[in-house]
Amino acid sequence: MSKALEEVRVVALGTSVATSLTTAYLADFGAEVVKVEMLGGECTGGLEDAKAGPYRSEWNYWADFLDRNKESVTLDLVQEEGKELLRKLAEKSDVFCTDLNDEALEALGLSYGLISEIKPEIIYAVCSCLGRHGPDKDMPVVDELAAARTGVMPILPQPEQPPVYYGGGEVIAALSIAYGVVAALCHRDRTGEGQRVDVSLLGANVYWVAYLFQAYLGTCFLPPDSLVEGIFSPLEPMWRRDGAQPLSNVYPTNDKWIFMGFPHTDLYWHDFCQTVEAEWLEHDPRFENHTKRCILENRRQLAEILDEVFTKRSVGEWLERWEGKRYRIDCVQSPKDIVDDEQARDNGYILDVDHPTYGKVRLLWNPVQCSKTPPVLSSLAPYPGQHNLEVLVDWLGYTSDDVYLLRKKGVVVP
Amino acid sequence: MNGILQGIRVLDITVWAMGPVASAHLGDLGAEVIKIEPLMGDGARGMLSTRSIPMGEWNHYFEHGNRNKKSMAIDLAQDKGREILHSLVAKSDILVTNLTPGALRKLNMDYETISRINPKMIYVSGTGYGRYGPMRDMPAYDFQAWARSGLMLKGEPGQPPIYAGFATGDIITALFLAFGALIALRHRERTGMGQEVNASLLGSAMQIGAGVLQPYLATADDYFTRQHSRKDALNPLCNVYPTKDKWIFLCMHDSDRFWANLCKALALEELEHDPRFSCAEARMRNASALVATLDGVFATRSAAEWLEECNRFDLIISPINNFADLASDPQLQENPYFVNFDHPRFGEVRVRGFPVEFSKTPCSIRNLILELGQHTEEILTEELGYTWDQITQLKDARVIL
């Protein structure tokens, strides 16, 4: 198997999950990623939570998930020599990836303006919280902040419930950066031109809900009486039973929930009524065809009836009855179910790994499958500074004596 | 200005959201994207509503998913239709599809067939549950794969499972597909080799759920298999709180750093050294007591007042906005996530933009409207050398519109 990003050198300088994960994605496809750990730098925000309560584990799984396939260099960025080393590494890189703000980058002599002057072909990728531009461009890179601004939190739950933080913005940001970096690499391959690539947690969160927000923006083109307040408003949460299409919704069973979704509901309506043992529904004038089923009052009533019908049996029993049908139901699973799910296993979405210290462990893996250049796990997370010697020799042509001196001065650790 | 993918041709055999948005990303980067639709058109053209919000006259669902494309209406079930497609395959770089592998095989559009015609082809396939496994041929709505992924158990205990929102699963998978396409494209530019790229709704959903799935894989702790109340938040400084008007979000992961200042901002100085709350570990153990206390305090003033007070103490906090707030948020105006476009029918509209900003080769929306089969004749004549006689015959036989 070949590696798509084989000769690409990346320097990762940041503390956010987005920066770590995006550079992991690049490393998965063969890039050489040097994670620069800043001595005495800020602790990695959300990972603090990872050491407590249910998150506690001997195995530092966050490190292995976020920093797989990377090299680590630890520099003392308080010392001038440390800053200089960092700049030299950045100048030797193809891709510089960071979530530090303008001020911090200026202080390190690493602004895009400076670096691109020395190395115009560099691809300089920045992750911010709320965007490169605008009055709040320097907010700390925290996904919850971006999610709060995205506007979807109040409408995720049922009415009268607290707004819900879904999580996942950082993964989307990581994906966006990786996508942007590879696009910029394609451009550079053709033209020799580098550039700056900007992504933000707000952009990632807004991307995620783009269809919904687009629908909100589209409402200004609707005649005024189409928006019935409290039911159709994209600013308010919606009752589950008010869902537009009663055969596309979540329903409770007597143990777990199911999510049902059918295309062509008229085609399957007869079979459905038989399967749920509610034959009487089939010709009920409120529900006998798709159009009638979608009328507001009818769909509420149908949803109430289906709640009762589905709660008569367990999800296992329903799935058995549904075997072989062309319209389907899915169990709303928990992580316990998915980690041993056949589809997850057959597709390698979870990797079984032999950890040198902890034996058999499982890692959530890169979900992009490529027949010739698949993502590959070559190594687990490095320990801080593990590759100081290697990288300084390889990238900067230092000798081991040079590195010894730098270690003595505490510029690199160890 | 030329886009990054100028000169790259993408064949788009996609429907609804996941597939179309994947190839739209490539079009945004400047590729020529030819959407091949059945004679009835992509079903998305008839979309009536989004989350019970009626579509009205402007089918933005179809338009923002299919911007920057050309359209050919071809009946691929007929030999002559497939002939057209195969001729195009020979002259294209990337094929993007979200039809099921079974449907693709029936139409002679599986990877084996396509790569025989054009070994350099990058074949990008988006599915519900992954390239392998017993469900590899099953179609899926994104919420079905989402339900399976273990992610929907959010919200207060006992509440219905929460789907992240209309087409959220689709749109994320679309970006994974576009990313995979670019990886393969770069590889091909350097080696001449094409390949097959896959991403699925299920795989993408699981990745989004890393924050829950990876800890569960490591600890097997039951905690991750249940819904949890905000009243028991493990870190009360990273939690939502109701105020007199709007809800706010305290977003301080590193709670030890901010605890003293929070106490000052809320005039709760006596709590600062209270052994129940003085460090992160203690606050986790006594979370319900602390959340209840904070609930009581936050309820006394408005969100704006709390924001002002908390900002004085450098706390990380935000109001919890709705879409109306987002629409007027200067961060949205100044960054390209949603952009203004001069729509030929509706005038100035705001439409989904780009998740990435490029300084030298910005993305652009060149056209939003796409009529069914708008470019069939143009492409048949100019690219494939069909004569007008041949075109008439194809129309008579209902191979094309």
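Residues numbered from 1 in each chain as written. Chains lettered and ligands numbered in written order. Predicted model: local features only at pLDDT ≥ 70, side-chain atom pairs only at ≥ 80, totals over all residues.

Another aspect to go through is the overall build of chain B. The secondary structure content of chain B amounts to 17 helices and 14 strands. Along the three orthogonal principal directions, the C-alpha set of chain B runs to about 90 × 50 × 40 Å. Across the 401 residues in chain B, those meeting the buried criterion constitute 54%. Long-range pairs, those at least 24 residues apart, make up 70% of the contacts in chain B between residues at least 6 apart in sequence. (Helix = DSSP H or I, 4+ residues; strand = E, 2+ residues; numbered from the N terminus. Buried ≥ 20, exposed ≤ 12 C-beta atoms within 10 Å, placed from the backbone. Contact = placed C-beta atoms within 7 Å.)

So, on to the domain arrangement of chain B. Split by domain assignment, chain B resolves into domain 1 (9-208 + 330-396) and domain 2 (230-242 + 247-319). The distance between the C-alpha centroids of domain 1 of chain B and domain 2 of chain B comes to 45 Å. (Domains from an automatic or database assignment.)

Here we take up the domain arrangement of chain A. Parsing chain A into structural domains produces domain 1 (9-208 + 343-408) and domain 2 (240-252 + 257-332). Of note, the centres of domain 1 of chain A and domain 2 of chain A, computed from C-alpha atoms alone, are 45 Å apart.

This brings us to the environment of Tyr216(A). Among the secondary structure elements, Tyr216(A) is positioned in helix H9 (residues 210-218). Exposure remark for Tyr216(A): the 24 C-beta atoms within 10 Å place this residue in the buried category. Between the C-alpha atom of Tyr216(A) and that of Ala12(A), which follows or precedes it by 204 residues, the distance is 38 Å. For Tyr216(A), the residues in contact, after removing those within four places along its chain, are Pro234(A) and Phe323(B).

Residues and elements named next belong to chain A. Sheet architecture is open: 3 strands sit in the order E7-E8-E9, paired in antiparallel fashion. Two strands close off the open sheet at either side, each with one partner strand: strand E7 (248-252) and strand E9 (328-331). Taken over all neighbouring pairs, the strand axes of this sheet differ in orientation by 25° on average, direction set aside. Pairing between E7 and strand E8 (residues 257-261): 5 bridges, direction antiparallel. The partner of Pro252 across the bridge, within E8, is Trp257. Across the sheet, helix H13 (residues 315-322) is in contact with E8 and E9; its angle to E9 comes to roughly 155°. (Pairing = 2+ DSSP bridges. Axes fitted to C-alpha atoms, helices over the stretch in contact; angles between N-to-C directions.)

Counting residues at the interface gives 127 residues for chain B and 127 residues for chain A. Of the residues forming the side of chain B that touches chain A, the biggest block, 16 residues, is contributed by helix H7 (residues 168-191) of chain B. Here the side of chain B that touches chain A is composed, by residue class, of 70 nonpolar, 37 polar and 20 charged. Looking at chain direction, strand E12 (residues 369-370) of chain A and strand E8 (residues 195-200) of chain B are connected through 2 bridges and run antiparallel. For Gln369(A), the partnering residue across the bridge sits in E8(B) and is Asn198(B). (Nonpolar A, V, L, I, M, F, W, Y, C, P; charged D, E, K, R; others polar.)

Structurally, the position occupied by His187(B) is in helix H7. Here the alpha-carbon distance between His187(B) and Ala167(B), two residues 20 residues apart in the chain, equals 30 Å. If near-sequence neighbours (up to four positions away) are discounted, His187(B) is found in contact with Ser2(A), Ala4(A), Lys372(A), Thr373(A) and Met193(B).

Attention now moves to the sheet that holds strand E6 (residues 195-200) of chain A. Pairing within the open sheet is mixed, and its 7 strands lie in the order E3(A)-E2(A)-E1(A)-E4(A)-E5(A)-E6(A)-E14(B). Taken across any chain shown, the strands that pair with only one partner, and hence form the sheet edges, are strand E3 (70-75) of chain A together with strand E14 (357-358) of chain B. Of the strand pairs in this sheet, strand E4 (residues 95-98) of chain A and strand E5 (residues 123-128) of chain A are connected by 4 bridges, and their pairing is parallel. Bridge pairing links Cys97(A) to Ala125(A) in E5(A).

A few words on the packing of helix H7 (residues 169-191) of chain A against helix H8 (residues 201-208) of chain A. The geometry of a pair of packed helices is captured by two quantities: the angle between their axes and the separation between those axes. Residues and elements named next belong to chain A. Viewed as axis vectors pointing N to C, H7 and H8 meet at an angle of 100°, and their least axial separation amounts to 8 Å. Classified by the angle their axes make, H7 and H8 are roughly perpendicular. Side by side, H7 and H8 meet where Gly169, Glu170, Ile172, Ala173 and Ser176 of the first sit next to Leu201, Gly203, Ala204, Asn205, Tyr207 and Trp208 of the second. Residue classes in the contact of H7 with H8 are distributed as 6 nonpolar, 4 polar and 1 charged. (Parallel < 35°, antiparallel > 145°, perpendicular 65-115°, else oblique.)

Okay, the packing of helix H1 (residues 17-28) of chain A against H7(A) next. Residues and elements named next belong to chain A. Two numbers describe how H1 lies on H7: the axes approach to 8 Å, and their chain directions differ by 45°. In terms of orientation, H1 lies oblique with respect to H7. Classified by chirality, the crossing of H7 by H1 is right-handed. In this structure, H1 uses Val17, Ala18, Leu21, Thr22, Tyr25 and Leu26 to contact H7, whose residues at the interface are Glu170, Val171, Ala173, Ala174, Ile177, Ala178 and Val181. (Left-handed = near helix turned anticlockwise from the far one by under 90°.)

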